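Residue-level structural notes
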2 protein chains.
Amino acid sequence: MSELPHRLASLIKEIRPPDRRAARLARERQRQLTKPPGSLGRLEELAIRLAGITGSPVPVVNHKVIFILAGDHGVVRQGVSPYPQEVTAQMVANFLAGGAAINALARTAGARVVVADFGVINPPAHPGLRACRVGAGTADFTAGPAMTRDQAVATVERGMELVEAELEAGLDLVGTGEMGIGNTTTAAAVVSALLEVPPERTVGPGTGLDRAGVSRKARVVEAALLQNRPDPADPLDVLAKVGGFEVGGLVGVILGAAARRRPVVLDGYITGAAALLAVRLCPPVRHYLIASHRSAEPGHRLVLGALGLRPLLDLGMRLGEGTGAALAFTIIEAALRAHREMRTFAEAGVSGRQ
Amino acid sequence: MSELPHRLASLIKEIRPPDRRAARLARERQRQLTKPPGSLGRLEELAIRLAGITGSPVPVVNHKVIFILAGDHGVVRQGVSPYPQEVTAQMVANFLAGGAAINALARTAGARVVVADFGVINPPAHPGLRACRVGAGTADFTAGPAMTRDQAVATVERGMELVEAELEAGLDLVGTGEMGIGNTTTAAAVVSALLEVPPERTVGPGTGLDRAGVSRKARVVEAALLQNRPDPADPLDVLAKVGGFEVGGLVGVILGAAARRRPVVLDGYITGAAALLAVRLCPPVRHYLIASHRSAEPGHRLVLGALGLRPLLDLGMRLGEGTGAALAFTIIEAALRAHREMRTFAEAGVSGRQ
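Residues numbered from 1 in each chain as written. Chains lettered and ligands numbered in written order. Predicted model: local features only at pLDDT ≥ 70, side-chain atom pairs only at ≥ 80, totals over all residues. Heavy atoms only, no water.

1. A look at the side chain of Arg42(A)
Considering the arrangement of structural elements, one finds Arg42(A) in helix α3 (residues 42–54). Note on Arg42(A): relative accessible area 7%, which makes it buried. Aside from chain neighbours lying at most four places away, what touches Arg42(A) is Arg310(A), Pro311(A), Leu312(A) and Leu315(B). (Helix = DSSP H or I, 4+ residues; strand = E, 2+ residues; numbered from the N terminus. Buried < 20%, exposed > 50% of the residue type's maximum accessible area, 1.4 Å probe, protein only. Contact = heavy atoms within 4.5 Å.)

2. Digging into helix α5 (residues 101–109) of chain A
Most of α5(A) is tucked away, with 8 of its 9 residues classed as buried. Within α5(A) the residues assigned to the buried category are Ala101(A), Ile102(A), Asn103(A), Ala104(A), Leu105(A), Ala106(A), Thr108(A) and Ala109(A). Among the structural elements, β1 (64–71), α4 (87–97), β2 (112–119) and α13 (323–341) of chain A together with α3 (42–54) and α13 (323–341) of chain B are those in contact with the buried residues of α5(A). One or two residues past the end of α5(A) sits Gly110(A), with phi positive at roughly 70°.

3. A closer look at the packing of helix α6 (residues 149–167) of chain A against helix α9 (residues 235–242) of chain A
Residues and elements named next belong to chain A. Remark: α6 packs on α9, axes separated minimally by 8 Å, with the N-to-C direction vectors making an angle of 105°. In terms of axis orientation, α6 runs roughly perpendicular to α9. On α9, the residues touching Arg149, Ala152, Val153, Thr155 and Val156 of α6 are Leu236, Asp237, Leu239 and Ala240. (Axes fitted to C-alpha atoms, helices over the stretch in contact; angles between N-to-C directions. Parallel < 35°, antiparallel > 145°, perpendicular 65-115°, else oblique.)

4. A few points about the relation of the copies chain B and chain A
Mapping chain B onto chain A leaves a residual RMSD of 0.0 Å; the transformation is a rotation of 180° accompanied by 0.0 Å of translation along its axis. Expressed as an axis order, the relation between the two copies is that of a two-fold axis. Looking at the interface residues of chain B, 100% of them are also at the interface in chain A, so both copies use one shared face. (Least-squares fit on C-alpha atoms with pLDDT ≥ 70 in both.)

5. Things to note about the interface of chain B and chain A
Contacts between the two partners involve 57 residues from chain B, matched on the other side by 57 residues from chain A. Both sides of the chain B and chain A interface together cover about 4800 Å² of buried area, and 60% of this is carbon and sulfur. For the chain B face of the interface with chain A, the top three residues by lost area are Tyr83(B), Leu315(B) and Arg353(B), together amounting to 12%. At the junction of chain B and chain A, the tally comes to 2 salt bridges. Residue Arg107(B) is joined to Glu341(A) by a salt bridge in which the shortest nitrogen-to-oxygen separation is 2.8 Å. Here chain B is connected to chain A by 21 residue pairs in polar contact (both at pLDDT 80 or more). A total of 9 residues in the side of chain B that touches chain A trace back to one element, the largest contributor, which is α13(B). Classifying every residue of the side of chain B that touches chain A gives 28 nonpolar, 18 polar and 11 charged. (Buried area = accessible area lost by both parts, 1.4 Å probe. Salt bridge = Lys/Arg side-chain N within 4 Å of Asp/Glu carboxyl O. Polar contact = N/O pair within 3.5 Å; in protein donor to acceptor, adjacent residues only side chain to side chain. Nonpolar A, V, L, I, M, F, W, Y, C, P; charged D, E, K, R; others polar.)

6. A closer look at the environment of Val60(A)
Residue and element names in this part refer to chain A. Counting through the fold element by element, Val60 comes out in the loop between α3 and β1. It is 7.0 Å that separates the C-alpha atoms of Val60 and Leu336, two residues lying 276 residues apart in sequence. Setting aside residues up to four positions removed in sequence, Val60 forms contacts with Asp172 and Arg340.

7. Some words on the sheet that holds strand β1 (residues 64–71) of chain B
Residues and elements named next belong to chain B. A sheet is described by the order of its strands in space; here 6 strands give the open sequence β3-β2-β1-β4-β5-β6, paired in parallel fashion. Of all strands in the sheet, those bounded by a partner on one side alone are β3 (130–131) and β6 (289–291). With 7 bridges connecting them, β1 and strand β4 (residues 173–179) associate as parallel partners. Bridge pairing links Leu69 to Glu178 in β4. (Pairing = 2+ DSSP bridges.)

8. Here's the deal with the domain arrangement of chain A
All names here are of chain A. Examined at the domain level, chain A breaks down into domain 1 (6–59 + 339–348) and domain 2 (64–333). A straight line from the C-alpha centre of domain 1 to that of domain 2 covers 28 Å. Here domain 1 and domain 2 share an interface that buries about 2100 Å² over both sides, 66% of which is from carbon and sulfur atoms. The residue Glu157 makes a salt bridge to Arg7 at a minimum N-O spacing of 3.4 Å. Connecting domain 1 to domain 2 are 10 residue pairs in polar contact (both at pLDDT 80 or more). Going through the elements one at a time, α1 (6–14) and α3 are the ones with two or more residues in the side of domain 1 that touches domain 2. In terms of residues, the side of domain 1 that touches domain 2 owes the most to one element, α3, which gives 9 residues. In the side of domain 1 that touches domain 2, the residues fall into 10 nonpolar, 3 polar and 7 charged. (Domains from an automatic or database assignment.)

Structure (structure tokens):
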């Protein structure tokens, strides 16, 4: 890996492994609660992991945030999406008006939604939109790099800053979301580059391509990799050459959250690709990641495998926006409330095993 | 099937298939919402199913209730559980005090918990406990029937009444839960009898038996079936001979909810066995059932297959109490909020497919 810029390198140094003592105390508490040991399955595992991540044996999650990072992709010129590029900006307006799926799901989870422009073409003017833009959409990466290396670094830094800016309002649980017409193509290119697997295994229907469309998309990703030859050992090179502005921003959100010991709930394929980049930049980050769901996008399976994560949900969803993350928030909250609010056998006067 | 008692027969006649028009309107609405068609996966399917169940194209779920039915089981004398029988009553007290896993999970889901005594030995005196008892625990069904046929009918009728009694306080979504030391053995006997499969396939570790314990449990179920010879074509005979008071109560809750067009969220193995009995009594009931999760108890897979249900969650849980149902409540609420609150392409000014 080439040398990292100073700010990024110093943030990465702050990222520590989980707190083993807090995790051990949480495990001991789980054994004393009024239920057969292990009978809450992955809810117990979540409570113990969150204890290690936060450093608190009985973690509390009050403030939940879904970060939706938006950006446009020059590669849409190659006909990789059934939707026109202006849908990115239109959906950003929809998020800000509260009318998208993620808004309904975030309300259900009691989470707030932070919408950030990392490089949308013609973004809506709205006081709620966070201005993190690095450019007006990436360049078409079949013809050259998507962005410069400096721009790639800037996206990551702005993602880190976005997390810092939210700490004051309260931030206990970080959910990742994105919007960008064409970004499953970008994610496929990033995953193919990092995992060194052919595009046939990393492309999928996205928002709804037919079989011929998926084949064309694979050829587009193949052309991008041939044209740019991203270095799999250099995550910033991969991000610059075949990434996206919002993908780089997500890398920064993930690194920034891990540096502050905040659990990061991944969404689907695009946030998974960003997590792969983040883990390559800083391997201990993986301890901070929770996989919300398995996306219907076929390449997501590959990403989860590479991250060593087992998703909580598998509901055939493939929308992005952070919708899977928002659904998982309620599972995580349930796990933590059971951990915190249940009485022990001694407190409840319940007999143990014979 | 022998003739059914009058009240039960008349309730069953009230149970109708889902409303196809409401389901069709819900499907049409899903296609207009600002997302690629199908991209919310099973959330879309849930919204459409709930429309059919409730008869409303845009269903609203305000009042969510977890019914926890408790009863004791004479078969515990055969050493089928690692926990002593008094834990049933102790856990009922824990539910009423708000200290069990289901209380924490119901609070997370915004659901109220209704705890009913269908036949606990030494139940706690508590004004919150609903008095539905049919006896002080069932008889040991390895030596004769668990209860009389009249008692079996009484359990079902009291379950129906329990649902009726909750309608006034508001009841839009019914979650099923149970407590009864020994009741995975009872469920295994019911499932073996109804599906005519050997006990080896229907018994499991329950609250934590080791391999030898599971083998002993299988022999106990085998002995019960040989002793009682329940008639698989007569669900009330199966319930009386190898069932439990809370299992019969759950049958009544399921039938009563379906008669009132309320969706019924199943929990794990015991509520699944009750659902099998309910569906055998009245096949259209299956349209009202939602499988919350796949329990770690191995026989649950068999039950879900027989009911033709695919669970929403698979989190390795095996606690009962309604914990899986409570977790699924939030998924269902998310599905309905997305269905109701999302804007359409026209409302949001978002372009459709090219």
